[in-house]
Amino acid sequence: MAMLEVKDLSVSYGHVRALKNVSIEADEGEIYSIIGSNGAGKTSLLRSISGLVKPTSGQVEFLGAKLPGKPHQIVKQGIVHVPEGRRTFSGLTIQDNLLVGGYLYKHDMHHDLEEQYKRFPILRERKDQFAGTLSGGEQQMLAIARGLMSHPKIMLLDEPSLGLAPIIVNQIFELIQEIRDSGITIFLVEQNARKALSICDKACVLENGIITVCGTGKELLCSDVVKKAYLGA
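In short, a report on the structure. These numbers were taken from a predicted model, which means no experiment stands behind them. (Residues numbered from 1 in each chain as written. Predicted model: local features only at pLDDT ≥ 70, side-chain atom pairs only at ≥ 80, totals over all residues. Heavy atoms only, no water.)

## A few points about the packing of helix α3 (residues 94-101) against helix α4 (residues 109-119)
Taken N-terminus to C-terminus, the directions of α3 and α4 make an angle of 120°; their axes are 11 Å apart at the nearest point. What the angle tells us is that α3 and α4 run oblique. Considering the relative orientation of α3 and α4, their crossing is right-handed. Residues Q95, L98 and L99 of α3 form the contact with α4, whose own contacting residues are M109, L113 and Y117. Across the contact of α3 with α4, the residue classes break down as five nonpolar, one polar and no charged. (Axes fitted to C-alpha atoms, helices over the stretch in contact; angles between N-to-C directions. Helix = DSSP H or I, 4+ residues; strand = E, 2+ residues; numbered from the N terminus. Parallel < 35°, antiparallel > 145°, perpendicular 65-115°, else oblique. Left-handed = near helix turned anticlockwise from the far one by under 90°. Contact = heavy atoms within 4.5 Å. Nonpolar A, V, L, I, M, F, W, Y, C, P; charged D, E, K, R; others polar.)

Quick look at the structure:
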């Protein structure tokens, strides 16, 4: 049984169809990369999984059972969405941002804070600093740490390297692999196709709301079609 399975999912915004009968599945401890151009439907797919968008047809199953419809219920199931653009609470301190992420697990709050401060020492150093004053890379680390405070079994990461300097991008991708190695399944939406495919277990290409290619990361890296369209080859 797949840990998470998307079955024939379609999403429409008015008369515009963003996803058309999309089916994918991922097992525990995998990185599943979703690549494609802007407007291909990648964010809509993640938002459908996390309950932020209601599909017009199809469904999402977690461990063989249909997911509930409300986002907070989905978080309780263990699925956490780290959205594009970080979306940290700029007027709250780093520590308060983390506490918001851990609101479902208040009895473990001190332990969970320590875990994230160990993983991200820069956040400990600046824990009383407002999130809005952080650099883009630091805000991305905070967004991921906030997600980890919810004890996820699955993390949905939307464009985690967007707008970051190359050295920070490398750090973020190393972090993603570390999270995967801890047993957390990751769905990774990423415009940096080469990086995403190089670290993932499985991947697909989404074009105009339709999956056109699926395979392992290595298979897609070697695909002439993918090379031409997304890898600059």
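## Focus: the nonpolar core
Grouped together as the largest cluster of nonpolar side chains are 41 residues, with contacts concentrated most on I144, M155, I176 and L188. Residue contacts for L188: discarding those within four places in its chain leaves I31, Y32, S33, I34, L157, P160, F173, I176, A196 and I199. Among the nonpolar cores identified, the runner-up in size contains 27 residues, and V11, I49, I154 and L206 belong to it. (Core = buried A, V, L, I, M, F, W, Y, C linked by side-chain atoms within 4.5 Å. Buried < 20%, exposed > 50% of the residue type's maximum accessible area, 1.4 Å probe, protein only.)

## Quick notes on the pattern of salt bridges
In the structure shown here, the tally under the stated rule is seven salt bridges. Of the charged contacts in the structure, one is a salt bridge between E61 and K7, with a shortest N-O distance of 3.2 Å. Residue E61 is found in strand β4 (residues 57-62), and its partner K7 is found in strand β1 (residues 4-13); the two are separated by 54 residues along the sequence. You can call E61 buried: its relative accessible area is 11%. Two residues, K202 and E30, come together in a salt bridge whose shortest N-O distance is 3.3 Å. Note that K202 is positioned in strand β9 (residues 202-207) and E30 in the loop between β2 (16-26) and β3 (31-35), a separation of 172 residues in sequence. Given a relative accessible area of 21%, K202 falls into the partly exposed group. Judged by relative accessible area, which is 13%, E30 ranks as buried. (Salt bridge = Lys/Arg side-chain N within 4 Å of Asp/Glu carboxyl O.)

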